[in-house]
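This is what each chain is made of:
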Amino acid sequence: MWDDSFPSFLIGLREGLEAGLVVSVLVATLVRAGARARLAQVWTGVLAAIALSMSFGAVLTFTAASLSTTAQEAFGGALSIVAVAFVTAMVFWMRRSARSLAGEIREKVTEALTMGAGVLILTSFLAVGREGLETALFLWTTARAADESTGPLVGAGVGLVLAALLCWGLYRRVLRIDLTRFFTVTGVVLVVIAAGVLGYGLRDLQEGGVLPGGTAFAFDLSGSVDAGSWYSTLLQGVLNLTPAMTWLQVAGYMGYLAVVMPLFVRGARGVPGARGATTPPPPATPRSDRPAGPAAKTRPDRPAGPAATRRRLLLPVAVVAVPALLAGLVVALAHPKPAAGQTVAVSGTDCGQGFTAPKPGRQDFRMHNTGNQTSEVYLIDPSSNAVYGEIEGLAPGTTRDLVATVAGGTYAWRCVPTDGKAVTSKAVRVTGAAGAHAVVPVSRRDLAAPLKAYRTYVNRGLVTFVTQTRQLSDDIRAGRLDTARTDWLTAHRTYASLGAAYGTFEDFDQKINGRPDGLPGGVRDQGFTGFHRIEYGLWHGQSAAQLKGVAQRLADDAAGLRKAFPHQDFDPSDLPLRAHEIMENTLQFELTGDTDQGSGTGLATADANLAGTRELLIVLRPLLTARAPRLLPTVDADIARLQHLLDSAHHGNRWTPVDRLDPAAKARIDGATGQLLEDLSPVPDLLEIRKSA
């Protein structure tokens, strides 16, 4: 997570230190002026700035969530460019202002003391609010680049806490820091990070259709660079450098550095360092023999009654509540409910009655089945059969809502009765920009070639599997139990690598790879057979005589499966389902140690499951690439990352047992598996066999 958190840590530290220095100078000036009673006004302004910044972040998050995928890319790319502009301006401004910042703020406070409370609140609000808004925007940008990683938030939190501690130390004169040099060095690093954010933003704008050249790559090293390696992850997280970058990304990245870095460095050389240049003055009590400044002219503090206390509390509550309410209003307007829907009648003979061209945006269609058969209902692009939305199993006489985002394009309804032919409505044309997300449906014919290829792979694996189980049986019969342990793992890994076919193996899977869970006798139950029964015996000191019968039965079941498989019904819809389920079972069973009967080889089985998932994705790759071109590069990177972690637990012929893994290593493996599962989760929907096809 460090690679995702470092940029946000640095921005949190810098912006937090800037804002903290401002607050420190404000507080110190008031204390020296004998105006402690007005400190509450400073903290009210600070509180308002924090509330505004958090509300701004919420608006960005929820506004983006309400957009289509293409619009999200364009929105995020545009804000990335804005964030780069803000960060660039910030590093240049702080380089120039570090030495004179305290003096300028003291002058403003002195002026504010002669005026009303609102002026002092406004002074602190404006001084802190700029840093807060910049921080919110930059954090939103880096968090989006890190996908759903918590690294940016953790990094920013650590940076802000450290900044607060530094400001306290400076205020109390515990620390003395050359702030000019600090802001110069961190400014150089931020310029490099901003160049990466600029490249990321340009790529988003290309994917959002705003800028051209999305397929014109300057280089593509994804085939030779391990995207899951530590160095690749570091470069992507900190610098936003990816194995594949377009010409526009490279030009933006290099052009930004070529222009901004020399200007910043040249300007930094002209600014003399000053140790503690912006350190606020220490608090001091005014001497009784001289005026205490403007605050001395104010009336002495009087005990506050209940009414005065309520008035004092009202303002802090208001400055927090008002930005939150405004943010809620903006979110509500940016994320409207679907437009009040058309009621569309569907039946086996008349599909789409009452359908007229809707306005662009999120629409709620009320689908009413007027026929006498249950029907599948799809909103499609009739030219490509791509599906924008669907309802499965709309029963006769019932009404259900179908919510879909409509943009520029052609739309029609397709109704597929349970016992009948598909009926398609009249097409309507919607004017406007493109952006609605549709999935090109998959038919059984589309999955025929991948199914044939995977059947061939399983057939080859079963031939090898039969040979290996015979060897295991021979080892046990001859009393070679040490050799049997090695051969057991070899055969078990071969079987695990055929994971997508488990549903086809019927009763053979329970016989070959069943677990004792739920059996009345547990590990001693007569129904406990196969690999895990042999594993239990081999690693719990049972003799060859006790195991030879179950080993022979395993070899017989393997041979029976090999003979039966060519005639078993392999549902093609199992292929996309297993793409996710194999690793889901791995996380649930192998990585928890639930299946371990003593061998401690759960990670070896997880490795075989990963190999099986990789083989399955090979046969599905053409279909997935056509429907989600960005999915497989992400999944490939996830697989490479998990493979690297599993390899680190493999030492010669030995695998580290799951329960002996270092907690950090276990967390990394679980996290990488969970990320792979999340990125594989769209596959079943993308490749679902729809009757509309």
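Predicted, not measured: the structure shown is a model, and the values here were computed from it. Residue indices begin from 1 for each chain and proceed along its sequence in written order. Two thresholds apply to this predicted model, a pLDDT of at least 70 for residue-level local features and 80 or more for giving and counting side-chain atom pairs, whereas whole-chain, interface and lining totals are computed over all residues. The side-chain quantities take in all heavy atoms of the structure and omit both hydrogens and water.

### Points about the overall build of the chain
Right, on to step 1. Each helix and strand in the chain was counted, giving 20 helices and 12 strands.
Right, on to step 2. Buried means the residue's accessible area, taken with a 1.4 Å probe over protein chains only, is under 20% of the maximum for its type, while exposed means over 50%, and partly exposed covers the values in between. Classification of the 693 residues of the chain by burial places 49% in the buried group.
Right, on to step 3. Contact between two residues is taken to exist if any of their heavy atoms lie within 4.5 Å; hydrogens are not considered. In the chain, 77% of the contacts between residues at least 6 apart in sequence involve partners at least 24 apart.
Right, on to step 4. Using a 1.4 Å probe, the Shrake-Rupley method yields the accessible areas, and only the shown protein chains count as cover for residues. On the chain, roughly 32,600 Å² of surface is accessible, and the fraction owed to carbon and sulfur atoms is 59%. Helix numbers and strand numbers start at the N terminus; a helix is a DSSP run of H or I with at least 4 residues, a strand a run of E with at least 2.

### Things to note about the packing of helix α17 (residues 602–627) against helix α18 (residues 631–647)
Right, on to step 1. Only C-alpha atoms enter the line fits that serve as axes; for helices the fit covers just the stretch in contact. Angles between N-to-C directions range over 0 to 180 degrees. Where α17 contacts α18, the two axes come as close as 11 Å, and the packing angle between them is 165°. Overall, the two elements α17 and α18 adopt an arrangement that is roughly antiparallel. Crossing of α17 against α18: the hand is left-handed. Across the interface between the two elements, L603, A606, D607, L610, R614, L617, R621, L624 and T625 of α17 pack against L631, L632, V635, D636, I639, L642, Q643, L646 and D647 of α18.
Right, on to step 2. Considering only residue class, the contact of α17 with α18 consists of 11 nonpolar, two polar and five charged. What sets the label is the angle itself: under 35 degrees gives roughly parallel, over 145 gives roughly antiparallel, 65 to 115 gives roughly perpendicular, and the rest give oblique. Handedness of a crossing follows from how the near helix is turned relative to the far one, being left-handed for an anticlockwise turn of less than a right angle and right-handed for a clockwise one. Residues are grouped as follows: Ala, Val, Leu, Ile, Met, Phe, Trp, Tyr, Cys and Pro are nonpolar; Asp, Glu, Lys and Arg are charged; every other residue, Gly included, is polar.

### Brief notes about helix α16 (residues 574–588)
Right, on to step 1. A helix is expected to reach a length of 1.5 Å times the quantity of its residues less one. Here α16 contains 15 residues, and its C-alpha end-to-end distance of 20 Å stays within 8% of the 21 Å for a straight helix at 1.5 Å per residue.
Right, on to step 2. Values of bend correspond, residue by residue, to the angle between axes fitted over the seven residues ending at that residue and the seven starting there. The axis of α16 is deflected most strongly, by about 30°, at H580.
Right, on to step 3. The set of residues buried in α16 consists of D574, L575, P576, R578, A579, H580, I582, M583 and T586.
Right, on to step 4. Of the surrounding secondary structure, the elements contacted by the buried residues of α16 are α11 (444–477), α17, α18, α19 (663–680) and α20 (683–686).

### A few points about the state of the cysteines
Right, on to step 1. For this text, the term disulfide refers to a pair of cysteine sulfurs within 2.5 Å. Within the structure shown, the criterion is met by one disulfide.
Right, on to step 2. The disulfide bridge from C351 ends at C415, spanning 1.9 Å between sulfur atoms. With the S-S dihedral at roughly 70°, the linkage between C351 and C415 falls on the right-handed side. Of the two residues, C351 sits in the loop between β3 (343–346) and β4 (361–369) while C415 sits in strand β8 (residues 409–417), which places them 64 residues apart along the sequence. The two residues C351 and C415 agree in class, both being buried.

### Comments concerning the environment of E390
Right, on to step 1. Note on placement: E390 falls in strand β6 (residues 386–394).
Right, on to step 2. On the basis of relative accessible area, E390 is assigned to the partly exposed category, the value being 26%.
Right, on to step 3. Residues in contact with E390, not counting those within four places in the same chain, are V377, Y378, L402, E688 and R690.

### What about the pattern of salt bridges?
Right, on to step 1. Basic side-chain nitrogens of Lys or Arg form a salt bridge, by our definition, when they fall within 4 Å of a carboxyl oxygen of Asp or Glu. Tallying each qualifying case throughout the model produces 13 salt bridges.
Right, on to step 2. D517 is the partner of R515 in a salt bridge, and the nearest nitrogen-oxygen pair spans 2.7 Å.
Right, on to step 3. The exposure class of D517 is partly exposed, given its relative accessible area of 46%.
Right, on to step 4. Taken together, the shared-partner salt bridges connect R515, D517 and D594 into one network.

### Observations regarding the packing of α11 against helix α15 (residues 544–564)
Right, on to step 1. Running from N to C, α11 and α15 cross one another at 165°; their axes reach a closest spacing of 8 Å. Between α11 and α15, the interaxial angle falls into the category roughly antiparallel. Of the two elements, α11 crosses α15, and the hand of that crossing is left-handed. Residue-level inspection shows N459, L462, V463, F465, V466, T469, R470, L472, S473, I476 and R477 of α11 in contact with α15, the latter providing A544, L547, K548, A551, Q552, L554, A555, A558, A559, L561 and R562.

### Thoughts on the pairing of β8
Right, on to step 1. A large share of β8 lies buried, amounting to eight of its nine residues.
Right, on to step 2. Taken together, the six bridges between strand β5 (residues 375–381) and β8 define a ladder with antiparallel strand orientation. In the strand pairing of β8, Y378 is matched with R414.
Right, on to step 3. Whether two strands pair depends on DSSP finding at least two bridges between them. Pairing between β8 and strand β10 (residues 428–430): three bridges, direction antiparallel. Bridge pairing links G409 to V430 in β10.
Right, on to step 4. Relative to strand β9 (residues 423–424), β8 runs antiparallel, the two sharing two bridges. Bridge pairing links R414 to T424 in β9.

### Regarding a nonpolar patch on the surface
Right, on to step 1. To count toward a patch, a residue needs a relative accessible area above 30% and no salt bridge. Like charges then connect within 9 Å, nonpolar side chains (Val, Leu, Ile, Met, Phe, Trp, Tyr) within 5 Å. Residues V161, L162 and L165 make up a contiguous nonpolar surface patch of roughly 270 Å² in combined accessible area.
Right, on to step 2. Classification of V161 as exposed rests on a relative accessible area of 51%.

### What about the environment of Y502?
Right, on to step 1. Residue position: Y502 is located in the loop between α12 (481–496) and α13 (507–513).
Right, on to step 2. What makes Y502 partly exposed here is its relative accessible area of 23%.
Right, on to step 3. Along the sequence, Y502 and F570 sit 68 residues apart, while their C-alpha atoms lie 9.7 Å from each other.
Right, on to step 4. Apart from residues lying up to four places away in sequence, Y502 is in contact with Y495, A496 and D509.

### Quick word on the side chain of R533
Right, on to step 1. Take R533: it is sitting in helix α14 (residues 531–538).
Right, on to step 2. Positive charges are assigned to Lys and Arg, negative charges to Asp and Glu, while His and the chain termini are left out of the count. For R533, which is buried and forms no salt bridge, the nearest opposite charge comes from D525, at a distance of 9.5 Å.
Right, on to step 3. Those residues in contact with R533, other than ones at most four positions away along the chain, are V523, F528, Q542, Q546, L547 and V550.

### As for the confidence of the model for the chain
The predicted coordinates ought not to be read in detail in places where the model reports low pLDDT.
Right, on to step 1. For the chain, mean pLDDT is 79; residues scoring 70 or higher make up 74% of the total.
Right, on to step 2. Known as pLDDT, the predictor's per-residue confidence is scaled from 0 to 100. For residues 273–279, every residue scores under 50 in pLDDT, and the model assigns this stretch 25 contacts once sequence neighbours within four places are set aside.
Right, on to step 3. Across residues 335–339, where pLDDT falls below 50, the model places 11 contacts with residues more than four positions away in sequence or in other chains.

### With respect to the packing of aromatic side chains
Right, on to step 1. Only rings of Phe, Tyr and Trp enter the pairing, Trp through its six-membered ring, and a pair is recorded when the two centres are within 6.5 Å. The plane angle decides the type: under 30 degrees is stacked, over 60 is edge-to-face, the rest tilted. Here the structure, examined in full by the defined rule, presents 15 aromatic pairs.
Right, on to step 2. Summarising the aromatic geometry, the rings of W488 and W539 are spaced 5.4 Å apart at their centres and angled 70° between planes, so their arrangement reads as edge-to-face. In this pair, W488 sits in helix α12 while W539 sits in the loop between α14 and α15, placing the two residues 51 residues apart along the sequence.
Right, on to step 3. Overall, the relative accessible area of 1% leaves W488 in the buried class.
Right, on to step 4. A residue is classified by how much of its surface remains accessible, and W539, at 27% relative accessible area, is partly exposed.
Right, on to step 5. Ring plane angle 75° and centroid distance 6.0 Å describe the contact between F505 and F565, whose orientation is recorded as edge-to-face. Here F565 lies in the loop between α15 and α16 and F505 lies in the loop between α12 and α13, a separation of 60 residues in the sequence.

### What to know about the pairing of β4
Right, on to step 1. Strand direction decides the pairing type here: β3 and β4, joined by four bridges, are parallel. Each residue of the ladder has a partner; that of V344, found in β4, is M367.
Right, on to step 2. The sheet contact formed by β4 and strand β7 (residues 399–406) spans eight bridges and is antiparallel. Considered in β7, the bridge of D364 is made with V403.

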